[in-house]
Amino acid sequence: MTEEVSKPFPRILSSRKTVLSEWVTLVENHVIASVDDAGATYHSIATPDYVSVLAVTSDGRVPLVRQFRPALNRATLEFPGGMRDGGEEPAACAVRELAEEVGLTIATALPLAQFHPDSGRLGNRMWTYFARDAMPIPHWKPEPGIERLMVGIDELYALAIDGSFDHGPHLAMLGMAAMKGLLLRRG
C-alpha cells in the first residue's frame, strides 16, 4: 500500500501561511478528497484564541461594550472580551478583559462554553465564561473607543431579539447561559 493510499481522505496535501499582522495569518490549504482528486484550494484565517465573559452584577445588570468594528463599518454591542496574551490562561484573560473594558472585577470566571467561532474560515478557539456578582473597580478609566453599557437581563434578551445585539458567538454565549439556567429573565 502506498503512503498516499494509506492516509485518510479528505486531507490537506499542502499548506502555505502568509503572516499579515501580529493578529492575522492567511492560511492557504490544498485539499484532496481521494487519490484521483486534483484537489481544491481553501483559505482560512489564523488568529489568536479569544475570550469573552458574560457577567452579571448583584443588582442584575449585564455589562456590554459598544465599539466600532472596521470589518462591519459600524459599532456593535458585545460582551467584554479580547485576545489571549501569549500563554495566558483563558479564565485570567476573562477577568482581565472584564476589568479593562467595563471596570468590573469578579471572584471567579465559570467556564460557559469553548467553541470554534467560524470553523469554515477561522482556525482559532473562543473561550467563554460566566460570572456572578461583578463589582465596580474604584477609579476605573474607560478604554478609548469602547463605551460601557449596563443593561438588565430582560433588556439584553430584547436587544438580541430585535437584532441590536447581533454578534454570533456572543449570541451563542447568551444561548448557552440560558440553556444552563444561569441567566433567567425577570419578567
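Below or above, wherever it landed, is the structure these notes cover. Small disclaimer: the values here were computed from a predicted structure and weren't measured.

### Focus: the overall build of the chain
What the chain contains, in helices and strands, is four helices and 11 strands. When the 187 residues of the chain are sorted by exposure, 37% land in the buried category. Counting only contacts in the chain whose residues sit at least 6 apart along the sequence, the fraction spanning at least 24 positions is 57%. Looking at the chain as shown, the accessible area adds up to about 10,600 Å², and 57% of this sits on carbon and sulfur atoms. Of the charged side chains in the chain, 18 are positive and 23 negative; the average position of the first set lies 2 Å away from that of the second.

### Some details on the pattern of salt bridges
According to the stated counting rule, one finds 10 salt bridges in the structure shown. Between Glu-28 and Arg-16 there is a salt bridge whose closest N-O contact spans 3.2 Å. Here Glu-28, found in strand E2 (residues 25-32), pairs with Arg-16, found in strand E1 (residues 11-19); they are 12 residues apart in sequence, far enough to count as distant. Classification of Glu-28 as partly exposed rests on a relative accessible area of 26%. Between Arg-96 and Asp-85 there is a salt bridge, and its shortest N-O distance comes to 3.5 Å. Residue Arg-96 is located in helix H2 (residues 90-102), and its partner Asp-85 is located in the loop between strand E7 (81-83) and H2; the two are separated by 11 residues in the primary sequence.

### As for the sheet that holds strand E5 (residues 61-69)
If you walk across this open sheet you meet the three strands as E6-E5-E11, and the pairing is antiparallel. Sheet topology places strand E6 (74-78) and strand E11 (146-152) at the edges, where each strand pairs with a single neighbour. Averaged over all adjacent pairs, the angle separating strand axes in this sheet is 30°, with direction ignored. The sheet contacts of helix H3 (residues 153-161) involve E5, E6 and E11, and relative to E11 the element is tilted by about 115°.

### A look at the sheet that holds E2
Read across the sheet, three strands follow the order E1-E2-E3 without closing on themselves; strand pairing throughout is antiparallel. The outermost strands of the open sheet, each flanked by one partner alone, are E1 and strand E3 (40-46). Here the strands of the sheet are splayed against their neighbours by 25° on average, with no regard to which way each runs. Note that E2 and E3 share seven bridges and pair antiparallel. Among the inter-strand pairings, Leu-26 is bridged to a residue of E3, identified as Ile-45.

### Some words on the nonpolar core
The nonpolar side chains of soluble globular proteins are, as a tendency, buried together. Core analysis: the biggest nonpolar cluster contains 23 residues, and Leu-54, Val-62, Leu-64, Phe-79, Leu-156, Phe-165 and Leu-183 have the highest contact counts within it. Put simply, the parts of the chain that give this core at least two residues each are strand E4 (50-57), E5, strand E9 (110-115), strand E10 (126-136), E11, H3 and helix H4 (168-179). With four residues, H3 is the largest single contributor of residues to this core. Excluding residues that lie within four positions of it along the chain, Phe-79 makes contacts with Val-53, Leu-54, Val-62, Pro-63, Leu-64, Val-65, Leu-156, Phe-165, His-170, Met-173 and Leu-174. Counting residues in each nonpolar core, the second largest holds 16 residues, with Val-102, Leu-104, Tyr-129 and Ile-146 among its members.

So, how was this worked out
- Residues numbered from 1 in each chain as written.
- Predicted model: local features only at pLDDT ≥ 70, side-chain atom pairs only at ≥ 80, totals over all residues.
- Heavy atoms only, no water.
- Helix = DSSP H or I, 4+ residues; strand = E, 2+ residues; numbered from the N terminus.
- Buried < 20%, exposed > 50% of the residue type's maximum accessible area, 1.4 Å probe, protein only.
- Contact = heavy atoms within 4.5 Å.
- Areas by Shrake-Rupley, 256 points an atom, 1.4 Å probe, with all protein chains shown as cover.
- Lys, Arg positive; Asp, Glu negative; His and termini not counted.
- Charge placed at Lys NZ, Arg CZ, Asp CG, Glu CD.
- Salt bridge = Lys/Arg side-chain N within 4 Å of Asp/Glu carboxyl O.
- Pairing = 2+ DSSP bridges.
- Axes fitted to C-alpha atoms, helices over the stretch in contact; angles between N-to-C directions.
- Core = buried A, V, L, I, M, F, W, Y, C linked by side-chain atoms within 4.5 Å.

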